[in-house]
Amino acid sequence: MLFFLILILCISGCGYQGEATEPVPEVPAVSGDNNTQTNTDASATAEQSPIVLLKEQPLDNRAVYLNGNFIETEDSLYSIPFFGGLIMGWDKTNHIGGPLCGRPECLHNNDQCNAYVGSVPKSSLSLYQNRLYWVGVVKTDPQTRGVPGVYSMNPDGTDRRLELNWDYYQEGINNAYLNQGFVYAVHQKEEVDQADPFLRLTVRMIPIDGTDSVTILDRTGRESVKVMPFFEEKSVWFVLSSRQGETFSAQLLCWDTEKRELQEVLSKEGLSLCLDSIWKTEDGTIFLKNGVTNDHLFQLQDGELLPREDLLPNQEKYDMLYFSNGILIASGVGPNHNMKEDVIDTIVLVRKWDGTVLYEGPVSMNFQADLNSKWHYHALCALFGDENGLYYEYEWEDENGHALTTMVYYTLAGGTLREELMWAIQTR
Ligand SMILES: [Zn+2]
């Protein structure tokens, strides 16, 4: 199923290859796509800088779950395209979107643009003390691949700063989550003891002010472990999953960010599948499942895993099942889907956690007619939302390997979806 190939590769499975150990290559300079009729006009964006944040909040768990980079507030959406590029902003009230630059006369087409982030580790864009923070790559020498650093910027795209700079190659990080002033750095590396190789897994909490870090987890073993966090105001959950021969193990840990204590909530072995995704609903119920696949779903109840097939949609129609805020989103393709002909027929089922269906049916892509015909559908990079609507991030490619990212919002009301293209931006 090519349609979802990229998402599958990035998200599912207990393999360890998906999380980049080193900075991925820089994305080339970004330029606007002159052939798309969107409101990403540079001057309009730079002058308006319309976005104001209301309150601090934990890292958006939908972004963590999707390996994406976005934050939604009451008024705005901030997002870095899945394959990197620029920080984009969208003002929900005025329906204005574009690169979050704040520099008058900037064309947002090179690395001098305030919104430029290149390629970034997944799930780091966050909000702290009324500023945007993200983990980026610091290139002090054009010949090197750079080292990781924490950047910050005002939410209107002004006053960009490098807050913290540390060396990937000394410390090593597989993934870095930025939450409420701390980098949660996950790293697993091979070590050797008397010619006997083993793996050391560490999870650390590094203050972005550069003070001493706290070790949350430091353990050794033979198997590679996938670590997926879930952030709350005063705690961070970690689901650790690994393959043990023909079966899988899963462990659920809870880190108290104030007491700095780690508690084991669940430990299971001999599982028939890899449980590497976690979600906690607003009523406190914890769900676990395998990536974004639509095949197994468990609820944690009294220390046991309770199957919840009743919440799984018709498996012949839907391939993927996404956790999201207050809703479950099942996605699939319709009978007319034909990527060779550029006919994208997507269907979706949206329901609340209590099973109530909010929408089931096709997902319109009328905006496709406004894109230059050179762009061919490539992938669905992110799908998330809540009871009020769904965000779809799609990537398109041309014959020369360039890529265009489109973000589309579908307002969900009265059993219908209303489509609105938020932005289209060339990312390579
Ligand atoms: Zn700019």
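Quick caveat, the model's predicted, so the values are computed rather than measured.

The rules we used
- Here the residue index of a chain counts from 1 through its sequence in written order.
- Given that this is a predicted model, residues contribute local features only at a pLDDT of at least 70 and side-chain atom pairs are listed and counted only at 80 or more, while totals for whole chains, interfaces and linings are drawn from all residues.
- For two strands to pair, DSSP has to find at least two bridges joining them.
- Strands here are runs of E lasting at least two residues and helices are runs of H or I lasting at least four, both read from the DSSP assignment and numbered beginning at the N terminus.
- Here, axes are lines fitted to C-alpha atoms. For helices the fit covers the stretch in contact, and angles between N-to-C directions go from 0 to 180 degrees.
- What counts as a contact is two residues whose backbone-derived C-beta atoms lie within 7 Å of each other.
- Here a nonpolar core is just a set of buried residues of the types Ala, Val, Leu, Ile, Met, Phe, Trp, Tyr and Cys, joined wherever their C-beta atoms sit within 7 Å.
- Exposure classification rests on a simple neighbour count of other C-beta atoms within 10 Å of a residue's own: a residue reaching 20 or more is buried, one at 12 or fewer is exposed, and one in between is partly exposed. C-beta atoms are placed from the backbone.

1. Points about the sheet that holds strand β7 (residues 126-128)
Read across the open sheet, the four strands follow the order β7-β8-β9-β10; overall the sheet is antiparallel. At either margin of the open sheet sits one strand with a lone partner, and together these are β7 and β10 (161-165). The sheet shows a mean angle of 40° between the axes of neighbouring strands, direction not considered. Examined bridge by bridge, strand β9 (residues 147-153) and β10 share four bridges and lie antiparallel to one another. By the bridge assignment, S152 is partnered in β10 with R161.

2. Thoughts on the environment of V363
Assignment of secondary structure puts V363 in strand β26 (residues 357-363). Between the C-alpha atoms of V363 and L349, which are 14 residues apart in sequence, the distance is 9.9 Å. Dropping the residues within four chain positions of it, V363 is found in contact with T346, I347, V348, Y410 and L417.

3. A few points about the sheet that holds strand β21 (residues 297-301)
With antiparallel pairing, four strands are arranged side by side in an open sheet as β19-β20-β21-β22. In this open sheet, the two strands that pair with only one neighbour each are β19 (277-280) and β22 (304-307). For this sheet, the mean angle separating the axes of adjacent strands, direction not counted, is 35°. Judged from the three bridges that link them, strand β20 (residues 286-289) and β21 form a sheet pairing that is antiparallel. Bridge assignment links L288 to a residue of β21, and that residue is F298.

4. Points about the nonpolar core
Judged by nonpolar contacts, the single largest core of 107 residues is most densely connected at W134, L178, V183, V239, I329 and V350. Here this core takes seven residues from strand β29 (residues 403-413), the largest share from any one element.

5. Observations regarding the environment of Q244
Relative to the helices and strands, Q244 is located in strand β16 (residues 235-244). Its 13 C-beta neighbours within 10 Å are what place Q244 among the partly exposed residues. The sequence separation of Q244 and L271 amounts to 27 residues, and the corresponding C-alpha distance is 9.3 Å. Residues contacting Q244, with those up to four places away along its chain left out, are E223, S249 and E269.

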